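Below, each chain spelled out in residue letters.
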Amino acid sequence: MTSALYVQTRKEARALLPWAAGVALATVVMAIFVGRYDRFPNFRHELEVWFVVIHAAGVLAVAALSLGHELTHGTLPALLVQPVARRRVLGTKLAVLAVVAVTLGLVATLTAPVRFTATAAAARPLLIWGPAVMAVGLVPLLTLLTRRPMAGAIFAVMIPGAIVSVAERFYPLRDGVQALTIGWYGTLIASACGLIALAYAFAGAEAAGDERAGRRSSPALRQPALANVAPATQSARKKQNWMWLTVKKELRLQQLTLAVTALFAVACGIMVVLQRMDPPYAGQGVGAIAALHGIFIAIIAGSRASAEERHMGVLATQALQPKPGWRPWTIKVAVTLAIAVGLAVALPALFRVVDADAVTKVTESGVVSLHPAQDWFELESEFFAAVALVGIAAIYVSSLSSNSLWALLSCFPVAGVLLLLFGGLERTLWSLRRALQVDHLSTIPSAMRTNFRDPGWRVWEQKFLLARNVQDYLFIALFLSFSLFVLYLAHRNHRTLERGRKRIAFQSGLMAASLVIATAAYFGAAHLVWAVIR
Amino acid sequence: MRFQLNYKSGKPVYLQLVDQIKAAVASGAAQAGDALPSIRPLAEELRVNRNTIAKAYAELESQGVIETSAGKGSFVSGAATALRKDARVRLLTEEIDQAVVQAHHLQVAKTEFLRLAEERFESFEKRRLRASNG
Amino acid sequence: MSSENPVIDINNLVRRYGRTDAVDGLSLRVAPGRCYGFFGRNGAGKTTTIKCLLNLLRPSSGSVRVFGLDPAREEVAVKSRLSYVPDQVGFYPWMTVRETLEYLASFRTRWNRETERALLDRFRLPEGHKTSHLSKGQRTQLALVAAISPEPDLLVLDEPTSGLDPIVRREFIQTVIGAYQEGAPGQRTVFISTHLISEFEGLIDEFTIIDQGKEVLTLGADAARARYQKVYARFHALPAGLDLSGAKLLRQRAREIEVVGNGNATEIVSRLNSHSPEAIETEALTLEEIFVTTVQNAGAQA
C-alpha cells in the first residue's frame, strides 16, 4: 500500500473504529448475558431477539458513519475538491467499511447464542450477515441520497423486512424456511444493486457545503429561540405563546422519529392487510414488532433531544434566554418522552383496534385464535416504563454527544456497560430480595406456619399486602427520583456548553453512587416498613 | 524610502510608485547606488500585487532611473542625478500651487502673500542658525 | 495576455441553488498570472459560481472551463492544478495539525515541504494541537498552508478573511502575495471572491461585480479607478440650469454638490467650471466605493 493510500485508509478507519468497538462490546456482552439465562427458555428467546437487534442496529449505525461523518464535520466538499478520482475515494471508504462490517459479523457469529433449530439456522445468514451486507450496499447509498446520517441507517432496515414479509405471503414460515432464504438472497441482490447505484450517485454527487443538518434546517427551528426573548412586562397570554412555540419546536426536532413510526405503521399495516386477505397467513406478530419499535423510538427520540440542537449550534442562543433554564428543558423532556411512550403505545393500540379479532387459524378442531387481544394490556403496563427508561437514558447520552448519530451509537456501549453491571450485580440483588422475603416469613409465629386454617392468616395476609404495596410505592418513588436525578444531570450538560471526559466520569460516578444509595435505601426502608407494619 | 499609496488619486498604482521613487531620488532620500527593496517584501509590506511592483521597476529601468543586476537586485543608477533639480522644482511647485489656492480662498492678496513668504523664510533661517549653534 | 488560454473561462453560466443563491447568465475570463476579484453581495451568486468551477455543483446550462478543461469531465486533471480555501473550513476534529497536513498531502503529487515549514513557522501553528482546538483564524491559516504547499497554478479563495482579526487578515494577504506567487509569478493565478474589498484593493488586477446572478461590471482595477471619479464643487450660490447628465448625483447641499462620473470626469469638471465654482475637486473612487455605487445603480434599475 502506498503511503498516500495508507494515510487515507487510516483516516477512514479512525472515523469508524471507536464506534465499531462499542458495538462489538455491546454484542459480546449481550451474548454473555443471554448465555446466563439458559434456565429460562422463554426469557432467553426474547434476549436472543435482542441480541440480533443490537447486532443489526449496531452494524447499520456504524455503516451510516462512513459517509455520515463527512456530513457532520462538513468535510465533504473539501474531500471532493481533492485531485483524486471519486471512484478511489468511495473505494477506500467502502473497503474499510466492508472490513469493519465483516469483523462485526464474525464477532456476532462467534458469540451468537441462537440455538440451531431449523428456523434459526436458515435465519442466521439473514440476521447476522444481512446487516453486514446492507452496511456496504444500502446504508451509504441512502445516507448520500438523504444527506442525513441517521435516516440512511434507519431506512435501510425496511428493505429486508419488506422482502421477508412479502416472501412470507407466498411461503409461510410454518411450512418451511423459503421465506428466510428468499429474504437473504433478496437482501444480497438489493445490496448489490445499491452498490452500483452508489457508484453512480457518488460520481455525480453535488456538495455545496451546507449539508450539516443545522444549515439545512428551516428557520422555524431557530425562531422559537429568538421569539422566546420576551420583554420583561410579560402578560400571562404571552407565556402561553412561548410554551406552545417551544412545544412546536420540539416536535419539529423529532421529525425523524415520527417518520420512523410512520414507516413501521405502514409495514404493520401491510402485514395486517395480508393477514386479512389470507387468514392462515400468520406472519410475524405485530406485537413483536411493536416491542422493537417502542425501544427504537425511545432511543431515536432521546438521542435527538439534545444532540441535534448542539449540532445545529442553537444551544448558545437558548442559553441566553431570559427564562429559567429548567422550563424549556422540562418541556423538551416532556415532549420527547411523550412522543416515545405515546408512539410506542399508540402503534400496538392502533393495531389492536384494527386487529381486534386477532389472527385466527383454521385447524381441524375449529378456529383458533393465535394472538388474543388481552396480550396487549400486559404489554403496555411494563412496556410503558421500559420505554420511558430507555428514553431517559438516551436523553442523558444525547446531552453529552455533539450530534444525534453519535448519541445513537453511544447508546450501544452504554447498553453494554449497563448489561454488564446488571449481570454482575444481579446475584447480589437477588439475594437481597430473598433476604427481605425471609425476613417477612420469619416473623410469622411458628404455630401459624403449621396450621393453615388459623384465622390469623387473614391478618397476616393483609399485612403482607400492605407491606408489599408500601414497598412498591417506595420502589417507584426511588426509581422516579433516580430518573429525575439523571434528567437533572442531563439538563446541566445541556445548559453548559462544555463536555469532557472528566465530566462524564464524574457524572457516572455520581449516578453509580446514587444508585447504590437508592438500592440500600430501598432495602433498608423495606425492612423498616415491615417492622412497622408487623 | 517610504511609500504612500493613494487609491483615491485615480492614478495607476505602479505609476504612483514610479513617481514616488523618482521623487525620493530627486530629493536625495535615495542616492546613487542605494538598493531598492526587493519585489516580494515590498509587495507584502504594501499589500500590493507583485506584478504592480515589477511593472513599476520595469518602468523605472526603462527610464534609466534604476539599474537591475540579476541576482543582486535593483539599485538607483548614477544617471538619476540629472533629474534631481527638475523633480525638486516640480515638487515645490505643487506645494506652492496649493498655498496659492488657499490664499485665494482666505482672501489674502498677492503682495501680502509674498511679504508673508519672505517673513517665513527669514524666521526659518534664524531657527536653523540657532539649532546649528546651540 | 489575451492570446494565452484563460485559466478560468465561464460562458453564460446558469445555475439555481437554494432559494437565494443563483447564477443567471454569467460570463467571465481570467488570464493566467492575474489576481482576479469577484465581488458581489451576499446571495448574489458568488459561491454558486465557485462551486461550479470546482465540480461541487453542476451548471444547468452554459459552460465552465478551468485550464481549458471541463471540471466535470476531467476532474482530477483540473483539481491537481488548483487549490481551494472555502469560507467554512472543514477539518476532521480528531486530527492534529500535522496529521491534517499529511492527510491532505497524500492526495497530491507535488508538495513543497520547505514552503509548508516556512508557513507553519510564520503562522506559529502548533503542530500537535487537534484541529477542533484551533481558533477560527488558525483554521484559515491551516487551510492556506494546505492550499499553497502543493504549488497550484490557481488559488481559489471564497470569502477567506471574513471573521478574522486584523492581524490574521494582513498575514493572509501577505502570504498570498509572498509565498503563493513565489515560484512562477506569471503562472500563479488567484481568484478571490469577497466582499471585504478594501483589503484586497492593492492585490486585485481585474475584477467582476456580480449582482443577482448577472455580471454587472468587469474592469481592470487601475482602469476602474481612473474611470470612476467623484467630483465635488462648491459654489457661492448654487447655479440654476446645472447640466448633470451622464453623472450620478451623490449629494447636494445648499452650496455644494457631489457627483460621480463614469469616464467623463473631465467633461463634468469643465461643465461645472463654466459656472465659476469657489472650489472644485476630483477624487477617484476606491474599488469598494465603485462596488457600492454600481450595485446600488443596478438594484435601482432592476
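Residues numbered from 1 in each chain as written. Chains lettered and ligands numbered in written order. Predicted model: local features only at pLDDT ≥ 70, side-chain atom pairs only at ≥ 80, totals over all residues.

**Some details on the overall build of chain C**
Within chain C one finds nine helices and 13 strands. Taking the principal axes of its C-alpha atoms as reference, chain C extends roughly 70 × 40 × 40 Å. Expressed as a percentage of the 302 residues in chain C, the buried residues total 45%. When contacts within chain C are restricted to residue pairs at least 6 apart in sequence, long-range pairs at least 24 apart make up 73% of them. (Helix = DSSP H or I, 4+ residues; strand = E, 2+ residues; numbered from the N terminus. Buried ≥ 20, exposed ≤ 12 C-beta atoms within 10 Å, placed from the backbone. Contact = placed C-beta atoms within 7 Å.)

**Quick word on the overall build of chain A**
When helices and strands are counted, chain A shows 20 helices and two strands. Per-residue burial for chain A yields a buried fraction of 38% across its 534 residues.

**Examining the sheet that holds strand S2 (residues 22–30) of chain C**
Residues and elements named next belong to chain C. Within the open sheet, the three strands sit side by side as S2-S1-S4. Their pairing is antiparallel. Looking along the sheet, the strands with just one partner apiece sit at the ends: S2 and strand S4 (61–66). Across this sheet, the average inter-strand angle for adjacent strands is 20°, counted without regard to direction. Pairing of strand S1 (residues 8–16) with S2, which is carried by seven bridges, proceeds in the antiparallel orientation. Paired with Val14 across the strands is Asp24, a residue of S2. Lying over the sheet, helix H1 (residues 46–53) contacts S1, S2 and S4, oriented at roughly 120° with respect to S1. (Pairing = 2+ DSSP bridges. Axes fitted to C-alpha atoms, helices over the stretch in contact; angles between N-to-C directions.)

**Let's talk about the confidence of the model for chain C**
In the predicted model, chain C carries a mean pLDDT of 87, and 95% of its residues have values of at least 70. The ipTM for the predicted assembly is 0.82, set against a pTM of 0.79. (pLDDT = per-residue confidence, 0-100.)

**Remarks on the interface of chain C and chain A**
Reports often express the size of an interface as the amount of accessible area lost when the parts come together. Listed by partner, the interface residues are 22 residues for chain C and 21 residues for chain A. Looking at the side of chain C that touches chain A, the elements with two or more residues in it are helix H2 (75–79) and helix H3 (97–105) of chain C.

**Overview of the interface of chain C and chain B**
On the side of chain B, 16 residues touch chain C, which itself brings 18 residues to the contact. Of all elements in the fold, only helix H6 (166–180), helix H7 (221–227) and strand S13 (279–284) of chain C reach the threshold of two or more residues within the side of chain C that touches chain B. Broken down by element, the side of chain C that touches chain B gets its largest block of residues, four residues, from H6(C). Looking at side-chain class alone, the side of chain C that touches chain B contains seven nonpolar, six polar and five charged residues. (Nonpolar A, V, L, I, M, F, W, Y, C, P; charged D, E, K, R; others polar.)

**Let's talk about the sheet that holds strand S7 (residues 189–194) of chain C**
Residues and elements named next belong to chain C. If you walk across this open sheet you meet the six strands as S5-S6-S7-S3-S8-S9, and the pairing is mixed. A single partner strand is all that each edge strand has here, and the edge strands are strand S5 (82–85) and strand S9 (214–220). Strand-to-strand twist across the sheet, computed as the mean angle between neighbouring axes with direction ignored, equals 15°. Across six bridges, strand S8 (residues 206–211) lies against S9 in antiparallel orientation.

**Details of the environment of Asp211(C)**
Within the secondary structure layout, Asp211(C) lies in strand S8. As for Asp211(C) and Pro6(C), which are separated by 205 residues in sequence, their C-alpha atoms are 23 Å apart.

**Focus on unusual backbone geometry**
For residues that are not glycine, phi is negative in most cases, and the peptide bond is trans in most cases. Within the chain, Gln107(B) stands out as a residue other than glycine whose phi angle is a positive 60°. Note that Gln107(B) resides in the loop between helix H4 (83–105) and helix H5 (110–133). The backbone of Ser276(C) shows a phi angle near 45°, a positive value even though the residue is not glycine. Mapped onto the elements, Ser276(C) comes out in the loop between helix H8 (265–273) and S13.

**What to know about the nonpolar core**
All names here are of chain A. Grouped together as the largest cluster of nonpolar side chains are 215 residues, with contacts concentrated most on Leu60 and Ala63. Counting residues per element, this core draws most heavily on helix H2 (residues 41–73), at 15 residues. Other than its neighbours up to four places away in sequence, Ala63 contacts Leu97, Ala101, Ala135, Val139, Pro140 and Ala153. (Core = buried A, V, L, I, M, F, W, Y, C linked by C-beta atoms within 7 Å.)

**Observations regarding the domain arrangement of chain C**
Residue and element names in this part refer to chain C. Assigned domains within chain C: domain 1 (8–212) and domain 2 (227–301). Summarising the inter-unit geometry, the C-alpha centres of domain 1 and domain 2 are found 38 Å apart. Listed per partner, the contact involves nine residues of domain 1 and seven residues of domain 2. The dominant element in the side of domain 1 that touches domain 2, judged by the number of residues it contributes, is S8, at three residues. For the side of domain 1 that touches domain 2, the per-class residue count stands at five nonpolar, one polar and three charged. (Domains from an automatic or database assignment.)

**Side note on the environment of Asp205(C)**
All names here are of chain C. Along the polypeptide, Asp205 turns up in the loop between S7 and S8. When the 20 C-beta atoms within 10 Å are taken as the criterion, Asp205 is described as buried. Separated by 17 residues in the primary sequence, Asp205 and Asp222 have C-alpha atoms spaced 7.6 Å apart.

**Comments concerning helix H6 (residues 139–146) of chain A**
Residues and elements named next belong to chain A. In terms of residue burial, H6 counts as a mostly covered element, since six of its eight residues are buried. By the burial criterion, the buried members of H6 are Val139, Pro140, Leu141, Leu142, Thr143 and Leu144. Two residues or fewer after H6 comes Arg147, characterised by a positive phi angle close to 60°.

**Remarks on the packing of helix H1 (residues 3–35) of chain A against helix H4 (residues 86–111) of chain A**
Residue and element names in this part refer to chain A. Running from N to C, H1 and H4 point in directions that differ by 15°, and their axes come no closer than 10 Å. One finds that H1 runs roughly parallel with respect to H4. For H1 against H4, the interelement crossing comes out right-handed. On H4, the residues touching Gln8, Thr9, Glu12, Ala13, Leu16, Ala20, Val23, Ala24, Thr27, Val28 and Ala31 of H1 are Thr92, Lys93, Val96, Leu97, Val100, Leu104, Val107, Ala108 and Thr111. Residue composition of the contact of H1 with H4, grouped by class: 13 nonpolar, five polar and two charged. (Parallel < 35°, antiparallel > 145°, perpendicular 65-115°, else oblique. Left-handed = near helix turned anticlockwise from the far one by under 90°.)

**What about the pairing of strand S2 (residues 73–76) of chain B?**
Looking at chain direction, strand S1 (residues 66–69) of chain B and S2(B) are connected through four bridges and run antiparallel. Bridge pairing in S2(B) places Ile66(B) opposite Val76(B).

**Concerning the environment of Phe479(A)**
Here Phe479(A) is to be found in helix H19 (residues 456–495). Put simply, Phe479(A) and Phe170(A) are 309 residues apart on the chain and 48 Å apart in space, counted from C-alpha to C-alpha.

**What about the confidence of the model for chain A?**
Residue and element names in this part refer to chain A. Averaged over chain A, the pLDDT score is 77; the fraction of residues at 70 or greater is 76%. Per-residue pLDDT, averaged within each element of chain A, yields its smallest value for helix H9 (residues 213–216) (40) and its largest for H4 (92). Across residues 212–236 the pLDDT falls below 50, and counting only partners more than four positions away or on other chains, this stretch makes 34 contacts in the model. Residue range residues 372–378 is modelled with pLDDT below 50. Its contacts to residues more than four positions away, or to other chains, number seven contacts.

**Concerning the packing of helix H2 (residues 39–46) of chain B against helix H3 (residues 50–62) of chain B**
Residue and element names in this part refer to chain B. Relative to each other, H2 and H3 sit at 125°, their axes nearing to 9 Å. The orientation of H2 relative to H3 falls into the category oblique. The hand of the H2/H3 crossing is right-handed. For the pair H2 and H3, the contacting residues are Ile39, Arg40, Leu42 and Ala43 in the first and Arg50, Ile53, Ala54 and Tyr57 in the second.

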